Amino acid sequence: MKNNASGLESRRPDGRENAEARPVTLTLDYVAYPEGSVLIEMGETRVLCNASVQHEVPDWMAGSGSGWLTATYALLPRSTHTRTPRETDGLGGRTQEIRRLIGRSLRGALDLEQLGERMVIVDCDVLQADGGTRTASITGGYVAVALALRRLAIKELLAPDVLRTPVAAISVGVVDGEIRLDLCYEEDRDADVDLNLAMTGDGRVIEVQGTAEGAPFSRETLDRLLDLGERGIRELIQRQKEALAGPQGPWPFAAAR
């Protein structure tokens, strides 16, 4: 066992307290060419999130006056403990599910009508996977989108209120009978209950994905998981705001002030 921040022995692999998230680093403009680029690091998990803005929408939206956001997600072959083959013959079910989750979550941050007939594409590439890659993709993806839209707003190509609210996501679970925040890979592998939570900055829920890996769990346990997850998301949104208020200049979106 390792000692946690309180000096007590911890049963968690990395020594954290049960209600403690992993350290978070957001590196803005990690790649030079996208309108918005962020490397998010949550402990040993690292995801590169690039947001591109195209001045067109899918054919089924043409003429609507409204915009769209979609997302991609991929594991680099050696982002995992053993090599994960590239999905060259079609996307697997897990990848498709995660892409849809990221897209749904990030659309919850936008006023798509204010976006106009533009499409934001968020590409999330996992450089190193140690649990929580889908939730890190949402949290980092939001910052990439905010960077991209801020640049358009500064050029007066978009209204500042196109971005309505911050969005972040985190995992919670039950491991060895303990409710824990932000599971690493080892905890996620051994969890009795695994739950992913995506929320807006004002506390509204976008998605809850929760599974009993073994025995069913109680409503009381679910409420405790959601409460802990919401606490973790509030901390992540604060980190997002701090990153976006850096040397890039003033943050123009009222929703994030």
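Each chain has its residues counted from 1, running along the sequence as written. For this predicted model, a pLDDT threshold of at least 70 governs which residues receive local features, and a threshold of 80 or more governs which side-chain atom pairs are given and counted, while totals over whole chains, interfaces and linings are taken from all residues. Calculated side-chain values reflect all of the structure's heavy atoms, with hydrogen atoms and water omitted.

Points about the sheet that holds strand E10 (residues 193–200)
Here comes step 1: If you trace the four strands from one edge of the open sheet to the other, you get E9-E8-E10-E11, paired in antiparallel fashion. Pairing within the sheet leaves two strands with one partner each, and these edge strands are strand E9 (178–181) and strand E11 (205–212). Ignoring strand direction, the axes of neighbouring strands in this sheet form an average angle of 15°.
Here comes step 2: Relative to E10, strand E8 (residues 167–175) runs antiparallel, the two sharing eight bridges. Bridging from a neighbouring strand, Ile170 pairs with Leu197 of E10.
Here comes step 3: Lying over the sheet, helix H1 (residues 93–107) contacts E8, E10 and E11, oriented at roughly 150° with respect to E11. Should DSSP find at least two bridges between two strands, the strands are taken to pair. The way it works is that DSSP assigns letters per residue, a run of H or I at least four long becomes a helix, a run of E at least two long becomes a strand, and they are numbered from the N terminus. Axis definition: a line fit to C-alpha positions, over the contact stretch in the case of helices; interaxial angles, taken between N-to-C directions, run 0 to 180 degrees. When checking whether two residues touch, look at their non-hydrogen atoms; a contact exists if any pair is within 4.5 Å.

Focus: H1
Here comes step 1: Expected helix span is given by 1.5 Å per residue-to-residue step, counting one fewer step than there are residues. Taking 1.5 Å of rise per residue, the 15 residues of H1 would be expected to cover 21 Å, and the 21 Å separating its terminal C-alpha atoms lies within 8% of that figure.
Here comes step 2: Residues Thr95, Ile98, Leu101, Ile102, Gly103, Ser105 and Leu106 constitute the buried set of H1.
Here comes step 3: Of the surrounding secondary structure, the elements contacted by the buried residues of H1 are strand E6 (68–75), strand E7 (119–128), helix H3 (133–154), E8, E10 and E11. For every residue, the accessible area (1.4 Å probe, protein chains only) is compared with the maximum for its type, and the residue is labelled buried under 20%, exposed over 50%, or partly exposed between those bounds.

Observations concerning the pattern of salt bridges
Two side chains bearing opposite charge may form a pair once their charged atoms approach each other closely.
Here comes step 1: We define a salt bridge as a side-chain nitrogen of Lys or Arg found within 4 Å of a carboxyl oxygen belonging to Asp or Glu. In this structure the tally under the stated criterion is 22 salt bridges.
Here comes step 2: Across the salt bridge formed by Asp182 and Arg22, the nearest N and O atoms sit 3.0 Å from each other. Of this pair, Asp182 sits in the loop between E9 and helix H4 (185–190) while Arg22 is found in the loop between strand E2 (9–10) and strand E3 (24–28), placing the two residues 160 residues apart along the sequence.
Here comes step 3: Classification of Asp182 by relative accessible area gives buried; the value is 0%.
Here comes step 4: For the salt bridge of Glu178 with Arg180, the shortest nitrogen-to-oxygen distance reads 2.8 Å. The pair Glu178 / Arg180 is uniform in exposure class, with both members buried.

Details of the pairing of strand E4 (residues 36–42)
Here comes step 1: Across the seven residues that make up E4, a large majority, six, are buried.
Here comes step 2: Taken together, the seven bridges between E4 and strand E5 (residues 45–54) define a ladder with antiparallel strand orientation. Bridging from a neighbouring strand, Leu39 pairs with Leu48 of E5.
Here comes step 3: In sequence, E4 turns back onto E5 through a hairpin of two residues, with Gly43 there showing a positive phi of about 60°.

Overview of the environment of Lys241
Here comes step 1: If you trace the backbone, Lys241 turns up in helix H5 (residues 219–244).
Here comes step 2: The exposure class assigned to Lys241 is partly exposed, which follows from its relative accessible area of 29%.
Here comes step 3: Separated by 152 residues in sequence, Lys241 and Asp89 have C-alpha atoms that sit 39 Å apart.

Examining the sheet that holds E3
Here comes step 1: Taking strand neighbours across the sheet as the criterion, the five strands line up as E3-E4-E5-E7-E6 in an open arrangement whose pairing is mixed. Each edge of the open sheet is held by one strand with a lone partner, namely E3 and E6. Neighbour to neighbour, the strand axes of the sheet diverge by 20° on average, direction disregarded.
Here comes step 2: By the bridge criterion, nine bridges tie E5 to E7 in an arrangement that is antiparallel. Within E7, the residue paired with Gln54 across the bridge is Met119.
Here comes step 3: Contacting E3 and E4, H5 crosses the sheet at an angle of about 30° to E3.

Overview of the side chain of Asp130
Here comes step 1: Relative to the helices and strands, Asp130 is located in the loop between E7 and H3.
Here comes step 2: On the basis of relative accessible area, Asp130 is assigned to the buried category, the value being 18%.
Here comes step 3: Sequence-distant contacts of Asp130, defined by excluding residues within four places in its chain, comprise Arg22, Glu44, Thr45, Leu183, Cys184 and Tyr185.

Regarding the pairing of E10
Here comes step 1: Counting buried residues along E10, eight of its eight residues qualify, which places the element largely inside the surrounding structure.
Here comes step 2: Of the two faces of E10, the one holding Val193, Leu195, Leu197 and Met199 and the one holding Asp194, Asn196, Ala198 and Thr200 are both buried throughout.
Here comes step 3: Pairing between E10 and E11: seven bridges, direction antiparallel. From the neighbouring strand, Leu197 faces E11, where its bridge partner is Val208.
Here comes step 4: In this antiparallel pair of consecutive strands, E10 and E11, the connection spans four residues, and Gly203 shows a positive phi of 90°.

Quick notes on the side chain of Ser137
Here comes step 1: Mapped onto the secondary structure, Ser137 falls in helix H3.
Here comes step 2: You can call Ser137 buried: its relative accessible area is 0%.
Here comes step 3: When neighbours within four sequence positions are excluded, Ser137 is seen to be in contact with Val47, Cys49, Tyr73, Ile102 and Cys124.

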